[in-house]
Amino acid sequence: MVGAGINSRDYKERVPALIEAGADALCIDSSDGYSIWQAETLQWIKQQYGDRIVVGAGNVVDGEGFRYLVEAGADFVKVGIGGGSICITREQKGIGRGQATAVIDVARERDLYYKETGIYIPICSDGGIVHDYHMVLALAMGADFLMMGRYFARFDESPTRKLKIGPNIVKEYWGEGSNRAQNWQRYDSGDADPKGMKFEEGVDSYVTYAGPMKDNLDQTLMKIKATMSSCGTANLNELRNNAKITLVSATSIVEGGAHDVILKEHN
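In what follows, the accompanying structure is described. For every chain, the first residue of its written sequence is number 1, and the numbers climb from 1 along that sequence. With pLDDT at 70 or above as the cut-off, local features in this predicted model cover only qualifying residues; side-chain atom pairs require 80 or more to be listed or tallied, and sums for whole chains, interfaces and linings still use all residues. Derived side-chain values reflect all non-hydrogen atoms in the structure, with water molecules and hydrogen atoms excluded from consideration.

Here the focus is the packing of aromatic side chains. In this scheme Phe, Tyr and Trp rings, the latter by its six-membered ring, pair at centre separations within 6.5 Å, and the angle between planes marks the pair as stacked below 30 degrees, edge-to-face above 60, and tilted otherwise. Summed over all chains, the structure comprises nine aromatic pairs. Considering the side-chain rings of tryptophan 44 and tyrosine 49, the 6.4 Å spacing of their centres and the 70 degrees angle between planes classify their relative orientation as edge-to-face. We classify tryptophan 44 as buried; its relative accessible area is 16%. Aromatic pair phenylalanine 76 and phenylalanine 145: ring centres 5.7 Å apart, planes at 70 degrees, arrangement edge-to-face. Residue phenylalanine 76 is found in strand E4 (residues 76-79), and its partner phenylalanine 145 is found in strand E6 (residues 145-147); the two are separated by 69 residues along the sequence. Among the aromatic residues, those joined into a ring-pair cluster are Tyr11, Trp44 and Tyr49. Whether a charge sits over a ring comes down to the Lys NZ or Arg CZ being within 6 Å of the ring centre and within 35 degrees of the ring normal. The ring of tyrosine 151 has arginine 154 sitting right over it, with the charged end atom 4.9 Å from the ring centre. To sort residues, take the accessible area from a 1.4 Å probe on protein chains only and compare it with the maximum for the residue type: under 20% means buried, over 50% means exposed, and anything in between is partly exposed. Strands here mean DSSP runs of E at least two residues long; helices mean DSSP runs of H or I at least four residues long; both are numbered from the N terminus.

Written out as structure tokens, the structure is:
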């Protein structure tokens, strides 16, 4: 299966070309998906192609935004603003929401929409995943699938350069809102500013190199299965219905790792 990201500006040219090239799914990708521009894009694609192509939209952080996009024709919805490791939208604009709260809110609206219409719209949790157990948390909170840019950027298979900086081996990783990615065609900031936007919503950074994807992914999947087993669940539906999620303190997080001991060095 192959998916492609599109925007709400030149979709009338890009969508036919992508479908002709064999894309199985499209996604309108934006830090702010609750907009008339995405609604118009969705409506045009559905008018032209119906159910021939799966089209997602986003990103949104509440039930209202979810329902707006679904009623415009979205087949799935991405959830999350400002939670990505390379995203600084919240710092720059004050726009966004805690990822867990956003996923829980949108999942609640997704389930309500299903009860009302019999139509189930999957949601993608986009942002905030650092540790493997964060994936299980997102799934337990209602996400159907996950966006994991930082996770995959670390591997041999990612297309960026592998570098040695000091004692560390790293790979490049940058946000679509960073100066490195910005250009007039992407952001259309107008003739008065030919160099693009005046501020960034993402950073240009590095992530620690982690080797081949398969070895890491196999371990991640084992952890997910082990966590689900500890929750007494055998599939994602059981996890969503039966997992118990609780707030924890900063002390609890410290307590959850190795503490008050001298760790042995491993050569």
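That shown, we press on.
What follows is about the pairing of strand E2 (residues 25-28). Across four bridges, the pairing between strand E1 (residues 3-6) and E2 is parallel. Each residue of the ladder has a partner; that of glycine 5, found in E2, is cysteine 27. Each parallel crossover has a hand, and the one from E1 via helix H1 (residues 11-21) to E2 is right-handed. Paired strands, in this sense, are two strands between which DSSP finds at least two bridges. Strand direction decides the pairing type here: E2 and strand E3 (residues 54-60), joined by three bridges, are parallel. Residue pairing across strands places leucine 26 opposite valine 55, the latter belonging to E3. Crossover handedness is defined here as right-handed if the route from the first strand over the helix to the second strand goes clockwise, with the strands pointing away from the viewer. The parallel pair E2 and E3, bridged by helix H2 (residues 36-49), forms a crossover whose chirality is right-handed.

To continue, consider the sheet that holds strand E9 (residues 204-208). If you trace the three strands from one edge of the open sheet to the other, you get E7-E8-E9, paired in antiparallel fashion. Edge strands, defined here as strands with exactly one partner in the open sheet, are strand E7 (162-165) and E9. Strand-to-strand twist of the sheet, defined as the mean angle between neighbouring strand axes without regard to direction, takes the value 50 degrees. To define axes, lines are fitted to C-alpha atoms, for helices over the stretch in contact only, and angles between the resulting N-to-C directions are given on a 0 to 180 degree scale.

Our next topic: the pairing of E4. Here E4 shows no split at all, with Phe76 and Lys78 on one side and Val77 and Val79 on the other all buried. Bridging between E3 and E4 involves four bridges; their strand directions are parallel. When the sheet's bridge partners are listed, glycine 58 is paired in E4 with lysine 78. The β-α-β motif built from E3, the intervening helix H3 (residues 63-72) and the parallel element E4 has right-handed crossover chirality. In the sheet, E4 pairs with strand E5 (residues 123-126) via three bridges, with the strands oriented parallel. Considered in E5, the bridge of valine 79 is made with serine 125.

This paragraph deals with the nonpolar core. Put simply, buried Ala, Val, Leu, Ile, Met, Phe, Trp, Tyr and Cys residues joined by side-chain atoms within 4.5 Å make one nonpolar core. By size, the foremost hydrophobic cluster in this structure holds 36 residues, and its most contacted members are Val15, Leu42, Ile45, Phe66 and Val77. Elements with a minimum of two residues in this core: E1, H1, E2, H2, E3, H3, E4 and helix H5 (99-117). Residues are treated as being in contact if the distance between any of their heavy atoms lies within 4.5 Å. Those residues in contact with valine 77 that lie beyond four places of it in its chain are Ala57, Val60, Phe66, Leu69, Val70, Ile121, Pro122, Ile123 and Cys124. Counting residues in hydrophobic clusters, the runner-up holds eleven residues, among them Ile129, Val136, Phe155 and Met228.

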